[in-house]
Each structure stands twice: as structure tokens, then as C-alpha cells.
Amino acid sequence: MFCWHAYGIESSLGLFFCAMNYSVHALMYGYYFLAAVHCVPKWFPVPAITVLQIAQMAAGMTVCASAAYYSWGAGEACEKDSTLVYASLMYGVYLVLFCKFFVDRFILKKYKKGKAKAKTQ
């Protein structure tokens, strides 16, 4: 929905958002393809995909904060208020969700595995 909104109002921030999104998704779907055909190299750091997604959300929040500063603080009308609100909300929610996923999948899972091993020994 946000993409259609940004496209409809010809958002200048859309270029940043698209470039980040396409870059991360190209790597992510490349990994998914390799996983589907069972060809993921053993050296590939699987958490890197989620780290890139978190970085994308943090960069999106930075772009939104910068645009908000120039639009509201410096008096430059560089973006519509609705785009800044929707983009900040979207990137903020996704940032929280990806961070939670990372902690649950890569940190707590290892902790629980270690705890279970200690109990069986």
C-alpha cells in the first residue's frame, strides 16, 4: 500500500526506498533459491539476511528523519507529510519486527539449545 501511495504522489523518497528494497530482496531471494535447491554454501552466514533487513529499516528511518528535518525543521518543502508519516510508521514497525525475529531465531534459539544440552549431560 505504501508503494502505491508514494507512487501516486510522486514521492522523492521513493528512489531511496526502492533502491534499498530491491538490493536486499535480490540477496534474500537469491538465498531462498539456493536453499530451495539445497545449494547454500556452508560458509554462508544465514543471519546476514536478517541483519541486512534490519539495516534497511534503520536506513529507511534515517531517510525519513532527514526528510522530516528538512521539511519541518529547515522549512524546505521536500516531501509531503503523509509520506513521512506512513514511511516512518512502516519502517519503524518493520524494524521492531525484524529485530524481534533476529533475537528469537538467532540468539534465543542458541541459548535454548545450549540450555537443553546442559540438562541432558
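Heads up: these notes are all about the structure in this document. (Residues numbered from 1 in each chain as written. Predicted model: local features only at pLDDT ≥ 70, side-chain atom pairs only at ≥ 80, totals over all residues. Heavy atoms only, no water.)

Quick look at the overall build of the protein chain now. Within the protein chain, the secondary structure is distributed over four helices and zero strands. Scanning the protein chain from its N terminus toward the C terminus, one meets helices and strands in the order α-α-α-α. Taking the intrachain contacts of the protein chain between residues at least 6 apart in sequence as the baseline, contacts between residues at least 24 apart amount to 74%. Within the structure as shown, the protein chain displays about 8700 Å² of accessible surface, and the carbon and sulfur contribution to it stands at 70%. (Helix = DSSP H or I, 4+ residues; strand = E, 2+ residues; numbered from the N terminus. Contact = heavy atoms within 4.5 Å. Areas by Shrake-Rupley, 256 points an atom, 1.4 Å probe, with all protein chains shown as cover.)

Below, the discussion takes up the packing of aromatic side chains. In this structure the tally under the stated criterion is eight aromatic pairs. Measuring from ring centre to ring centre gives 5.4 Å for Y31 and F44, while their planes differ by 15°; the resulting arrangement is stacked. Taken as a pair, Y31 in helix α2 (residues 14–36) and F44 in the loop between α2 and α3 (47–73) lie far apart in primary sequence, 13 residues in all. With a centroid separation of 5.1 Å and an interplanar angle of 75°, the aromatic rings of Y69 and Y70 are classed as edge-to-face. Here Y70 falls in the partly exposed class, since its relative accessible area comes to 43%. (Phe/Tyr/Trp six-rings, centres within 6.5 Å; stacked < 30°, edge-to-face > 60°. Buried < 20%, exposed > 50% of the residue type's maximum accessible area, 1.4 Å probe, protein only.)

Let's shift gears to the nonpolar core. If you look at the biggest cluster of nonpolar residues, it comprises 13 residues, and the most contacted ones within it are F2, L13, F17, C64, L84, A87 and Y91. Elements with a minimum of two residues in this core: α1 (2–8), α2, α3 and α4 (81–120). Per-element accounting of this core gives the leading share, five residues, to α3. Apart from the residues within four sequence positions on either side, F2 is in contact with F17, T83, Y86, A87 and M90. (Core = buried A, V, L, I, M, F, W, Y, C linked by side-chain atoms within 4.5 Å.)

Moving on, we get to the layout of surface pockets. Size it by volume and the largest pocket reaches roughly 450 Å³. Taken together, 21 residues line the largest pocket, and the ones lying closest to its centre are C3, F17, N21, M90 and Y91. When the residues that make up the lining of the largest pocket are grouped by side-chain class, the tally is 15 nonpolar, six polar and no charged. (1 Å grid on protein atoms, 1.4 Å probe; cavity = no way out; pocket = protein on both sides within 12 Å on 5 of 7 lines; lining within 4 Å. Points joined across faces, edges and corners; volume = space filled by probe spheres on them. Nonpolar A, V, L, I, M, F, W, Y, C, P; charged D, E, K, R; others polar.)

Its 23 residues place the ends of α2 31 Å apart at the C-alpha level, agreeing with the 33 Å of an ideal helix rising 1.5 Å per residue. Following α2 by one or two positions, H38 has its phi on the positive side, about 55°. (Expected span 1.5 Å × (residues − 1).)

Before going further, it helps to spend a moment on the side chain of Q56. Tracing the backbone through its elements, the reader meets Q56 in helix α3. With a relative accessible area of 6%, Q56 lands in the buried category. Setting aside residues no more than four positions away along its own chain, Q56 makes contact with M20, N21, V24 and Y91.

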